[in-house]
Amino acid sequence: DTLESASGDGKSLYGGKVALNTTKSGSSYQLKDATRGGTYTGDAENKTDKCLLTVCLTRAPATLFTDADNHWATGATSDRATVAVDAQYGTDVTWDYYKNVHNRKGIAGDGKGSFNRVHYGKNYNNAFWDDNCFCMTYGDGDGKQLGPLVSLDVAGHEMSHGVTSKTAALTYSGESGGLNEATSDIFGTLVEFHANNSKDPGDWLIGEKVVRSGLGRESLRRMDKPSKDGKSADCWNDKVADLDVHYSSGVGNHFAYLLAEGSGTKTINGVSHTSPTCDGTTVKGIGKAKLGKIWYRALTVYMTSSTDYAAARKATLNAAKDLYGSGSTEQKAVAAAWSAVDVG
Ligand code: ASN
Ligand code: ZN
Ligand code: CA
């Protein structure tokens, strides 16, 4: 069969009806996008990888999704293709964010696409990026605490772990681990805003589409006041390095929110955000676009595997100097936002 690119659409779980670039193969269509490095989505058939430490003895499948008429899925979870549409769409908007905003071609920067496996395991309450297969894996959730983990912020978060791994390679423990996680929350959030999807609009909450009533809070994490999850740090102190990386990230997430949006209360896409500073100062935001530029340059030029919060302050100050000049409003805002989370 000859393969050719085709334009289709699909009904997703969280993002409504979305456009999809697919591949025509004979008389049917594959969920594979040649315009984004051959990115595709497959069904893990509720199987799991069998791994010992870092070596996987067997891998769950990624059986490529196909469709007869190129109008994919029903939008209901009873259709196995529904979350596949979300996953493929999440990869598309993440690709487009890095390409359009940072001129980065794919996660590794080499133009190669990645692939997604959906329906991983049974009631699996997680999603993860794997550098070895260069692939994304999504669980369906247990339906009580979490639903399918295929939202745009989670997709952007997980695939940004691949970007970090190819650039600063921040070690996934201690303060560098918190910065690794914060990098994923920052870019996951910027991906969500960039997609500009009316059914899943941007906010500074992580996983708000994914959580179900049994979790007892409205999102997995939030960046305006990270401590609202009961565990994350809002402010740096010398014990932050002892926290799990998903909680020590709070300091970097809080910095990012303050730098972009400023302190105080504001409603963004219908969601109220309130961000107090740790030192009692009032901080003025410079916007999401400049946060993205500064963090991306810091990550790809200045951060290394052992960067801690003090070094992240220096890295972002250097990035802001390169982009906007020494003593610029932007560079001063970076300094003020770090001081406001007690990284001084
Ligand atoms: N969902 C988790 C995360 O990205 C899984 C992991 O890779 N640690 O933080
Ligand atoms: Zn993560
Ligand atoms: Ca969000």
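If you're wondering where the values come from, they're calculated on a predicted model, not measured in any experiment.

Chemist: I'm lost on the overall build of the protein chain in this one. Help?
Modeler: A count of helices and strands for the protein chain gives 7 helices and 17 strands. The proportion of buried residues among the 344 residues of the protein chain is 52%.

Chemist: Sorry, what's going on with the site of ligand 1 here?
Modeler: If you check the shell around ligand 1, you find N126, A127, F128, E158 and H161 and nothing else. The residue makeup of the shell around ligand 1, split by class, is 2 nonpolar, 2 polar and 1 charged.

Chemist: Just to check I follow, could you spell out the UniProt feature "active site" (unreviewed entry) in the protein chain for this structure?
Modeler: In the UniProt entry, the feature "active site" (unreviewed entry) is given for E158 and H246. For the residues just named, distributed over 89 residues, the greatest C-alpha separation is only 12.7 Å, placing them together at one site. Position of E158 relative to the elements: it lies in helix α2 (residues 152-166). When neighbours within four sequence positions are excluded, E158 is seen to be in contact with A127, F128, W129 and M136. Positionally, H246 belongs in helix α4 (residues 245-261). On the basis of neighbour counts, which here come to 20 C-beta atoms within 10 Å, the residue H246 falls in the buried class.

Chemist: Before we go on, may I ask you to explain the packing of α4 against helix α5 (residues 288-302) in this structure?
Modeler: The axes of two packed helices give the description: the angle between them and the distance between them. At a closest axis distance of 7 Å, the pairing of α4 and α5 adopts a crossing angle of 135°. When the interaxial angle is binned, α4 and α5 end up oblique. For the element pair α4 and α5, the recorded crossing hand is right-handed. Together, A256, L259 and A260 of α4 and K288, L291 and W295 of α5 make up the contact between the two elements. The class makeup of the residues in the contact of α4 with α5 is 5 nonpolar, no polar and 1 charged.

Chemist: Can you help me understand the nonpolar core in this one?
Modeler: Note on soluble globular proteins: their nonpolar side chains tend to be buried together. In terms of nonpolar packing, the biggest core is built from 88 residues, with Y138, V150, A256, L259 and A337 touching the most fellow members. With 10 residues, the single largest contributor to this core is helix α1 (residues 81-102). Both domains that furnish three or more residues to this core are identified here as domain 1 (12-150) and domain 2 (174-339). Setting aside residues no more than four positions away along its own chain, L259 makes contact with G285, I286, L291, A333, V334 and A337.

Chemist: I would appreciate a short explanation of the sheet that holds strand β2 (residues 17-25) in the present structure.
Modeler: Here we have 5 strands laid out as an open sheet, ordered β9-β3-β2-β1-β10, and mixed in their pairing. Edge strands, defined here as strands with exactly one partner in the open sheet, are β9 (66-67) and β10 (71-72). Pairing geometry for strand β1 (residues 3-11) and β2, over 9 bridges, is antiparallel. By the bridge assignment, S7 is partnered in β2 with N21.

Chemist: Please clarify how the domain arrangement of the protein chain should be interpreted in this entry.
Modeler: One frequent convention defines the size of an interface as the accessible area lost when the parts assemble. Domains assigned within the protein chain are domain 1 (12-150) and domain 2 (174-339). Here the C-alpha centre of domain 2 lies 26 Å away from the C-alpha centre of domain 1. The interface of domain 1 with domain 2 comprises 15 residues on the first partner and 15 residues on the second. Taken together, the residues that form the side of domain 1 that touches domain 2 break down as 6 nonpolar, 8 polar and 1 charged.

Chemist: Explain the environment of K225 to me, please; I cannot follow it from the model alone.
Modeler: Tracing the backbone shows K225 in the loop between β15 (221-222) and α4. When residues no more than four places from it in sequence are discounted, the contact partners of K225 are D234, T274, S275 and P276.

Chemist: Even after reading the chapter, I still don't get α2, so can you show me in this structure?
Modeler: One turn of an α-helix holds 3.6 residues; hence residues three or four places apart share an orientation. With 15 residues, α2 should reach 21 Å at 1.5 Å per residue; the first-to-last C-alpha distance of 21 Å fits that figure. By the criterion of burial, α2 is predominantly enclosed, with 13 of the 15 residues buried.

Chemist: Mind showing me how you'd approach the pairing of strand β7 (residues 55-58) here?
Modeler: The pairing of strand β6 (residues 50-52) with β7 spans 3 bridges and is antiparallel. Bridged to L52 within β7 is V55. In textbook terms, the turn of a hairpin is the stretch between consecutive antiparallel strands, and for β6 and β7 this stretch comprises 2 residues, one of which, L53, has a positive phi near 50°.

Chemist: Whenever I open this one, the pairing of strand β13 (residues 135-139) confuses me. Can you help?
Modeler: On any regular strand, side chains alternate: one points to one face of the sheet, the next to the other face. Where burial is concerned, most of β13 is hidden: 4 out of the 5 residues are buried. Strand direction decides the pairing type here: strand β11 (residues 115-120) and β13, joined by 4 bridges, are parallel. The residue bridging F115 from the neighbouring strand is C135, located in β13. When strand β12 (residues 127-130) meets β13, the two strands line up antiparallel, connected through 4 bridges. Across the sheet, D130 pairs through a bridge with C135, a residue of β13.

Chemist: Just checking my understanding: could you explain the confidence of the model for the protein chain for this structure?
Modeler: Residues shown with low pLDDT carry predicted positions that ought not to be read at fine detail. On average, the protein chain scores 98 in pLDDT, and the residues at 70 or more come to 100%. The ipTM, which scores confidence in the relative placement of chains, is 0.96 for this predicted complex, and the corresponding pTM is 0.98.

The rules behind these values
One numbering rule holds for all chains: residues counted from 1, following each sequence as written. Key to labels: chains lettered from A, ligands numbered from 1, both in the order written. Reporting in this predicted model follows two pLDDT cut-offs: at least 70 for local features of residues, and 80 or more for side-chain atom pairs to be given and counted; totals over whole chains, interfaces and linings ignore these cut-offs and use all residues. Labels follow the DSSP assignment, with helices taken as runs of H or I lasting at least four residues and strands as runs of E lasting at least two, numbered in each case from the N terminus. We call a residue exposed when 12 or fewer other C-beta atoms sit within 10 Å of its C-beta, buried when the count reaches 20 or more, and partly exposed for counts in between; the C-beta positions come from the backbone. By definition, a residue lies near a molecule or strand when the C-beta atom built from its backbone is within 6 Å of it. When residues are grouped by polarity, Ala, Val, Leu, Ile, Met, Phe, Trp, Tyr, Cys and Pro land in nonpolar, Asp, Glu, Lys and Arg in charged, and all others, Gly among them, in polar. UniProt positions are given in the numbering used here, feature names are shortened, and annotations may be inferred rather than shown by experiment. In this description, any two residues whose backbone-derived C-beta atoms lie within 7 Å of each other are considered to be in contact. Here, axes are lines fitted to C-alpha atoms. For helices the fit covers the stretch in contact, and angles between N-to-C directions go from 0 to 180 degrees. Angle categories are assigned with fixed cut-offs, so that under 35 degrees is roughly parallel, over 145 is roughly antiparallel, 65 to 115 is roughly perpendicular, and the rest are oblique. Crossings are sorted by hand: turned counterclockwise from the far helix by less than a right angle, the near helix makes the crossing left-handed, and turned clockwise it makes it right-handed. To form a nonpolar core, buried Ala, Val, Leu, Ile, Met, Phe, Trp, Tyr and Cys residues must be joined through C-beta atoms within 7 Å. Residue ranges for the domains trace back to a domain assignment, done automatically or taken from a database. A pair of strands is labelled paired if DSSP reports no fewer than 2 bridges between them. An expected span of 1.5 Å times one less than the residue number is assigned to each helix. Per residue, pLDDT captures the predictor's confidence, and it can take any value from 0 to 100.

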